[in-house]
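Coordinate analysis (summary)
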Amino acid sequence: MKIVNLKLINFRNYENLEVNFDPSLNIIYGKNGEGKTNLVEAIYTLALTRSFRNINDYKLIRDTETIAKVEGNISNKMTDNYKVIISKDGKKVKVNNNKIQKISDYISKIPLVLFHPDDLRFIKDTPSIRRKSLNISISEINPEYLKVLNYYNKVLKQRNAYLKEMMLNSNKDRHYLDILDEKIITYGMFINSKRKDYIHVINNYLNNIFKNITGIDGLTIEYISDYNNLTKEEILKKYNDNLSKDMSFGKTNFGVHTDDFKFKINDKEVRDYGSEGEQKNVIIAYKFSELEIFKIINGNYPLLILDDLFSELDTEKIDNILKLLKPDCQTFITSTSLSFFNNLKKDSYKQIHIVNGKIEEV
Ligand SMILES: Nc1ncnc2c1ncn2[C@@H]1O[C@H](COP(=O)(O)OP(=O)(O)OP(=O)(O)O)[C@@H](O)[C@H]1O
Ligand SMILES: [Mg+2]
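Residues numbered from 1 in each chain as written. Chains lettered and ligands numbered in written order. Predicted model: local features only at pLDDT ≥ 70, side-chain atom pairs only at ≥ 80, totals over all residues.

1. Comments concerning the overall build of the protein
Let me state the cut-off plainly: Helix and strand definitions here come from DSSP, where helices need a minimum of 4 consecutive H or I residues and strands a minimum of 2 consecutive E residues; each element is numbered from the N-terminal end. What the globule rule says is 2.2 Å times the number of residues to the power 0.38, and the radius of gyration is computed from C-alpha atoms. Contact between two residues is assigned whenever their backbone-derived C-beta positions fall within 7 Å.
Of the regular secondary structure elements, the protein holds 11 helices and 15 strands. In summary, the protein has a C-alpha radius of gyration of 23 Å against a globular reference of 21 Å for 362 residues, a match within 12%. Along the first, second and third principal axes, the C-alpha atoms of the protein reach 75 × 50 × 35 Å. A fraction of 72% describes how many contacts in the protein between residues 6 or more apart in sequence connect residues 24 or more apart.

Next comes the structure, spelled out in structure tokens:
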């Protein structure tokens, strides 16, 4: 899957832009604030209809304008035209000029892996950030997972509400709670097994990639879940054992909504022991592992966006990362300097020089 070209109208600081991309490697360079991240954000928006920055869609519209358009031709076996139109009232998506009614039918069509400096939160931040990120990745390769996750969250809400009612009224019917427990366990066991599978496959690649970048051996990601290694009966017993605690808290304390994921290098947690640069390389190794999973599932690589990858990394690590790039995986790298790429063959990539929302011809 490749983006052949991209057309932007009133997107961020781009008034009107047309750009053709290299099928392998695109290096988007320019000074701070010129529009490099905005350009890869447009690619992300074409794929997922929203930004990777946690913002309202309307912020993507160029100041003083009311409507933004992102359009691109995507070649797979055939070439298809994709369009995302964002206005203050909402957004529309089209494939080959046919309006797609459900955004969810659109967003699985252009698989994409992104590295963005905020991804370091995946190590530093709370478990909910890690669960969210995993949920997005697994949903992209398994739409059933997203459905079950939504069911789980709905039943969890119902259970928490019912616990509060039980707390206030001791005559409340226990039978209804049993029905909710049965559902939550069925959905929870499905989620647990998909997360376990995903982490297992990540671990098939993660350490090797990390070793190629840093020379350090022993990186794993560990999946921590209340459900791990328990049978259905054992899980049910846990819910029963926890009932009085759950009632006093008015919420469910046990289940996959408390899952977490930890990176470890030889049993030392990366969050507690890893340097800034090491943490960045861990995330990069994780993203490159995700590429391989997408390749297994879809038969070809997704798009890869690496935004501001190189700050904090030494030149040796940068060279090692560039060696990991695959010619058949279309990649977009933003950078403030071209000097990082001196060791690449000149004809192996396209340089795109951005100056104040325009492409400066080289
Ligand atoms: N909706 C918008 N309308 C117009 N301009 C915008 C809008 N949103 C952001 N900008 C401007 O776009 C500019 C470029 O932002 P961008 O994040 O792409 O820079 P960058 O080239 O990635 O810089 P850096 O090297 O610092 O990461 C900023 O100066 C910002 O003010
Ligand atoms: Mg930027």
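This is not the end of the story, as more comes after the structure.
2. Examining the domain arrangement of the protein
The test is simple: Annotation comment: domain bounds sourced from an automatic or database domain assignment.
The assigned domain composition of the protein is domain 1 (1–111 + 304–362) and domain 2 (121–301). Relative to domain 2, the C-alpha centre of domain 1 lies at a distance of 30 Å. At the junction of the two partners, domain 1 supplies 13 residues and domain 2 supplies 17 residues. By residue number, the principal contributor to the side of domain 1 that touches domain 2 is helix α11 (residues 315–324), which donates 4 residues.

3. Side note on the site of ligand 1
Quick note on the threshold: Placing a C-beta atom from the backbone of each residue, we mark the residue near a molecule or strand if the atom is within 6 Å of it. In this classification, the charged set is Asp, Glu, Lys and Arg, the nonpolar set is Ala, Val, Leu, Ile, Met, Phe, Trp, Tyr, Cys and Pro, and all remaining amino acids, among them Gly, are polar.
As a structural note, the neighbourhood of ligand 1 is formed by 16 residues, with Asn-13, Asn-32, Lys-36, Thr-37 and Asn-38 the closest of them. When the residues that make up the shell around ligand 1 are grouped by side-chain class, the tally is 1 nonpolar, 8 polar and 7 charged.

4. Regarding the sheet that holds strand β12 (residues 303–306)
The pairing of strands in a sheet comes from backbone hydrogen bonds and takes either a parallel or an antiparallel form. Which entries qualify depends on this criterion: Here, strands pair whenever DSSP counts at least two bridges between them. An axis is simply a line fitted to the C-alpha atoms; with a helix, the fit covers only the stretch in contact. Between two such axes, the angle follows the N-to-C directions and lies from 0 to 180 degrees.
Across the sheet, 6 strands lie side by side as β8-β12-β13-β3-β14-β15; this open sheet has mixed pairing. Taken across any chain shown, the strands that pair with only one partner, and hence form the sheet edges, are β8 (112–115) and β15 (358–360). For this sheet, the mean inter-axis angle between neighbouring strands, taken without regard to orientation, is 25°. Where β8 meets β12, 4 bridges bridge the pair, whose relative direction is parallel.

5. Concerning the packing of helix α5 (residues 143–168) against helix α6 (residues 174–214)
Formally: Here is the rule for handedness: rotate from the far helix to the near one, and if that takes an anticlockwise turn smaller than a right angle the crossing is left-handed, while a clockwise turn gives right-handed.
Look at α5 against α6: their axes get within 9 Å of each other, and the N-to-C directions meet at 145°. Regarding α5 and α6, the two cross each other, and that crossing is left-handed. Across the interface between the two elements, Tyr-145, Val-148, Leu-149, Tyr-151, Tyr-152, Val-155, Leu-156, Gln-158, Arg-159 and Tyr-162 from α5 touch Tyr-176, Leu-177, Leu-180, Lys-183, Ile-184, Tyr-187, Gly-188, Phe-190, Ile-191 and Lys-194 from α6. Among the residues forming the contact of α5 with α6, the class breakdown is 15 nonpolar, 2 polar and 3 charged.

6. Observations regarding the pairing of β12
Basically, it comes down to this: Between the buried cut of 20 or more and the exposed cut of 12 or fewer other C-beta atoms within 10 Å of a residue's own C-beta lies the partly exposed class, and all C-beta atoms are placed from the backbone. Here the term right-handed applies to a crossover when the path leading from its first strand over the helix to its second strand runs clockwise, the strands being oriented away from the viewer.
Covered by surrounding structure in β12 are Leu-303 and Ile-305 together with Leu-304 and Leu-306, the residues of both alternating faces. In this sheet, strand β13 (residues 331–335) lies alongside β12 in parallel orientation, the contact comprising 3 bridges. When the sheet's bridge partners are listed, Leu-306 is paired in β13 with Ile-333. Read as a crossover between parallel neighbours, the route from β12 over α11 to β13 is right-handed.

7. Topic: the environment of Met-247
Structurally, Met-247 can be placed in helix α8 (residues 243–249). Between the C-alpha atoms of Met-247 and Glu-165, which are 82 residues apart in sequence, the distance is 8.8 Å. Leave out the neighbours within four places in its chain, and Met-247 touches Leu-163, Met-166 and Met-167.

8. Quick notes on the environment of Phe-261
With respect to the helices and strands, the residue Phe-261 is situated in strand β10 (residues 260–265). Separated by 251 residues in the primary sequence, Phe-261 and Asn-10 place their C-alpha atoms 39 Å from one another. Ignoring any residue separated from it by four or fewer positions in sequence, one finds Phe-261 in contact with Arg-130, Leu-134, Ile-199, Ile-221, Glu-222, Tyr-223 and Ile-224.

9. Considerations on helix α4 (residues 127–141)
Put simply, the rule is: One less than the residue count of a helix, multiplied by 1.5 Å, gives the span that helix is expected to have. Summarising the geometry, the arc corresponds to the directions from the helix axis toward the C-beta atoms.
For α4, with 15 residues, the first-to-last C-alpha span of 22 Å sits near the 21 Å given by 1.5 Å per residue. Of the residues making up α4, those classed as buried are Leu-134, Ile-138 and Glu-140. For α4, the buried positions fall inside an angular range of 155° around the axis, keeping them on one side. Those residues of α4 that are exposed and angled more than 90 degrees off the buried face are Ser-128 and Ile-136. Buried residues belonging to α4 abut α5, α6 and β10.

10. Re the nonpolar core
The cut-off we apply is this: Throughout this description, the term nonpolar core refers to a group of buried Ala, Val, Leu, Ile, Met, Phe, Trp, Tyr and Cys residues whose C-beta atoms join them within 7 Å.
In this structure, Ile-43, Leu-46, Leu-112, Val-282, Ala-285, Leu-303 and Ile-305 are the most contacted members of the largest nonpolar core, which totals 81 residues. Sorting elements by how many residues they give to this core places α6 first, with 10 residues. Two domains each donate at least three residues to this core, and these are domain 1 (1–111 + 304–362) and domain 2 (121–301). In this structure Leu-303 touches Met-1, Ile-3, Ile-43, Ala-47, Ile-110, Leu-112 and Gln-330, once residues within four positions along its chain are discounted.

11. Let's talk about α6
Selection rule: A residue's bend is the angle separating two fitted axes: one through the seven residues that end there, the other through the seven that start there.
Taking 1.5 Å of rise per residue, 41 residues should cover 60 Å, and α6 covers 56 Å from first to last C-alpha, within 8% of that figure. The largest bend in α6 comes to about 35°, at Asn-203. Downstream of α6 by one or two residues, Gly-215 has phi in the positive range, about 80°.

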